[in-house]
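So you can see what is in the structure, the chains are spelled out below.
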Amino acid sequence: MSSLVTEPMDMIPYIGLLLPEVKKVLVDPIPEVRGVAARALGSLIVGMGEQIFPDLVPWLLETLKSDNSNVERSGAAQGLSEVLAALGKDYFDQILPDIIRNCSHQKASVRDGHLTLFRYLPRSMGAIFQNHLQAVLPAILDGLADENESVRDAALSAGHIFVEYYATTSLPLLLPAIEDGIFSDNWRIRQSSVELLGDLLFKVAGTSGKAILEGGSDDEGASTEAQGRAIVEVLGRAKRNEVLAAVYMVRSDVSLTVRQAAVHVWKTIVANTPRTLKEIMPVLMDTLISSLASSSSERRQVAGRALGELVRKLGERVLPSIIPILSQGLKDPNASRRQGVCIGLSEVMGSAGKHQLLSFMGELIPTIRTALCDSTQEVRESAGLAFSTLYKSAGLQAIDEIVPTLLRAMEDDETSATALDGLKQILSVRTAAILPHILPKLVQPPLS
């Protein structure tokens, strides 16, 4: 009405009758009705100006904190989003810090209401809101881990809307935040991040992501070559490889819901698993080694399971790629990554069949021998466990090719301390097998 009349100010005498009715409709149980009421409020502000409604924004902000019901908070969020769009950029810039602050309010209803507001702002404000994504995303990610289910749902819903509206225009901003969430210690954040990443990739690939995938072989997914090319064109091959490596790893997550979400995303965007794994193998191994060296026990467990599954399922197809990457990883200056390499070697050898490993002994034995003499104790400890796994497959060959080298290294002043500790590590895991081989050599005269 305010847009149809010649002079909007002619409606001022009727505002006292109209506004209470619009407020009632704004908290209606039916979402479509609330949406119409919200747009009506926005139209009134545009047509008549903010000064005619001095109490409207405070009322909306108060209703946003309501303890009564999700419906009231949702209606207030819709109405406020339309009003803020009508009031313009400067007003929004001024009020946004308070909105973000209330996303971490001690009351769950307040957190829920303000996170719900972010669900509607992209629709009403478009490009103006896009400029504030960087400030808003941390609040959304924190909401994904909230103890209250309603707050988590509001944050996830807002995340889905962000992806829907800004997947192409703000990809460099959205993708890193979502990737970080995939490696969070909190399983709820991991689950939500995988779902949001799926949304983003489906949007880029031009697919709905709603394909029903039941059981079947892992080799074939529901994607097409054209969709795969679309993802590479938008993300770039390097970033696409990083993203797929992260998704593949969390397919082995300790949480069932995270695993299911990751498997759905993988099967929907990957057409051929063996070929894709071959393409991303260097990046996947880098991701797994970093995770095996993580301070988070859960992340180490996930990476170990992923590496084990990779070897069990694809065995001889991936071992020629995996083992050289692990061997090369021992040259990394970062001690944590060298420890991750040793843990990875244990997982690979524990998951592969004995006959599969025999042809790689020429690389495995020297790698573990080197790790046992590493300058860092944590690396040597993990190398000792890797030796124990190696012994199951190689038997006496492992002892004959590793123990004499350690004994000779003990005679060198520079390497004697690390070699002695390396020997102690393998003795601690394989005492009965190692002791008969080293005791005669250690007690040979002259004794130092």
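This is a predicted model, so every value here is computed, not measured. (Residues numbered from 1 in each chain as written. Predicted model: local features only at pLDDT ≥ 70, side-chain atom pairs only at ≥ 80, totals over all residues. Heavy atoms only, no water.)

**Student:** I'd like to hear about the overall build of the protein chain, residue by residue, with values.
**Tutor:** Within the protein chain, the regular secondary structure consists of 23 helices and 0 strands. Rg of the C-alpha trace for the protein chain: 30 Å, well past the compact-globule value of 22 Å for 448 residues, more than 25% over. Overall size of the protein chain, expressed as C-alpha extent along the three principal axes, is 110 × 45 × 30 Å. When the 448 residues of the protein chain are sorted by exposure, 51% land in the buried category. For the protein chain, restricting intrachain contacts to residue pairs at least 6 apart in sequence, the fraction spanning at least 24 positions comes to 69%. Placing the 43 positive and 52 negative side-chain charges of the protein chain at their respective mean positions leaves the two points 6 Å apart. (Helix = DSSP H or I, 4+ residues; strand = E, 2+ residues; numbered from the N terminus. Rg over C-alpha atoms; globule rule 2.2 N^0.38 Å. Buried < 20%, exposed > 50% of the residue type's maximum accessible area, 1.4 Å probe, protein only. Contact = heavy atoms within 4.5 Å. Lys, Arg positive; Asp, Glu negative; His and termini not counted. Charge placed at Lys NZ, Arg CZ, Asp CG, Glu CD.)

**Student:** Before we move on, could you go through the packing of aromatic side chains and cite the residues and values that matter?
**Tutor:** Counted according to the given criterion, the structure contains 6 aromatic pairs. With a centroid separation of 5.5 Å and an interplanar angle of 55°, the aromatic rings of Phe129 and Phe162 are classed as tilted. Taken as a pair, Phe129 in helix H7 (residues 127-130) and Phe162 in helix H9 (residues 149-166) lie far apart in primary sequence, 33 residues in all. A relative accessible area of 1% places Phe162 in the buried class. Cluster of aromatic residues (ring-pair linked, three or more members): Phe92, Phe118, Phe129, Phe162, Tyr165 and Tyr166. (Phe/Tyr/Trp six-rings, centres within 6.5 Å; stacked < 30°, edge-to-face > 60°.)

**Student:** Any chance you could break down the UniProt feature "repeat: HEAT" (unreviewed entry) in the protein chain for me, citing the residues and the numbers?
**Tutor:** In this numbering, the UniProt entry assigns the feature "repeat: HEAT" (unreviewed entry) to residues 18-56, 56-94, 136-171 and 364-401. End C-alpha to end C-alpha, residues 136-171 measures 15 Å, and it is 78% helix and 0% strand. (UniProt positions renumbered as here; feature names shortened; annotations may be inferred.)

**Student:** How would you explain helix H22 (residues 416-429) if you had to name every residue and give the values?
**Tutor:** End to end, H22 covers 20 Å across 14 residues, agreeing with the expected 20 Å (1.5 Å per residue, within 8%). Buried within H22 are the following residues: Thr418, Ala419, Asp421, Gly422, Leu423, Gln425, Ile426 and Leu427. Of the surrounding secondary structure, the elements contacted by the buried residues of H22 are helix H19 (361-372), helix H20 (377-394), helix H21 (396-410) and helix H23 (431-442). (Expected span 1.5 Å × (residues − 1).)

**Student:** Please provide a residue-by-residue account of the domain arrangement of the protein chain, values included.
**Tutor:** For the protein chain, the domain assignment lists domain 1 (1-167), domain 2 (170-208 + 221-270) and domain 3 (272-447). Between the C-alpha centres of domain 1 and domain 2 there is a distance of 30 Å. Across the contact, 17 residues belong to domain 1 and 15 residues belong to domain 2. Area buried by domain 1 at its contact with domain 2 is led by Leu144, Val163 and Ala167, which between them contribute 32% of it. At the junction of domain 1 with domain 2, the criterion picks out 0 salt bridges. Our enumeration of links across domain 1 and domain 2 arrives at 4 residue pairs in polar contact (both at pLDDT 80 or more). Of all the elements in the fold, those that place two or more residues in the side of domain 1 that touches domain 2 are helix H8 (133-144) and H9. Take the side of domain 1 that touches domain 2: its biggest share by element is 8 residues, from H9. When grouped by side-chain class, the residues that make up the side of domain 1 that touches domain 2 number 10 nonpolar, 4 polar and 3 charged. (Domains from an automatic or database assignment. Buried area = accessible area lost by both parts, 1.4 Å probe. Salt bridge = Lys/Arg side-chain N within 4 Å of Asp/Glu carboxyl O. Polar contact = N/O pair within 3.5 Å; in protein donor to acceptor, adjacent residues only side chain to side chain. Nonpolar A, V, L, I, M, F, W, Y, C, P; charged D, E, K, R; others polar.)

**Student:** I'd like a description of the pattern of salt bridges, backed by residues and values.
**Tutor:** A side chain of one charge can pair with a side chain of the opposite charge when the charged atoms of the two come close. Inspection of the entire model under this criterion finds 16 salt bridges. Asp146 is paired through a salt bridge with Arg111; the nearest N and O atoms lie 2.7 Å apart. One end of the pair, Asp146, is in the loop between H8 and H9; the other, Arg111, is in helix H6 (residues 108-125), and 35 residues separate them in sequence. Assessed through its relative accessible area of 8%, Arg111 is described here as buried. Of the charged contacts, one joins Glu309 and Arg251 as a salt bridge, the two residues approaching to 3.8 Å between their closest N and O atoms. Note that Glu309 is positioned in helix H16 (residues 297-329) and Arg251 in the loop between helix H13 (237-250) and helix H14 (256-269), a separation of 58 residues in sequence. The same class applies to Glu309 as to Arg251, namely buried. Via salt bridges that share partners, Glu179, Lys239 and Glu242 belong to a single interconnected network.

**Student:** Outline the nonpolar core, listing residues and values.
**Tutor:** Grouped together as the largest cluster of nonpolar side chains are 132 residues, with contacts concentrated most on Phe118, Phe129, Leu310, Ile322 and Leu390. The greatest single-element share of this core, amounting to 12 residues, is contributed by H16. (Core = buried A, V, L, I, M, F, W, Y, C linked by side-chain atoms within 4.5 Å.)

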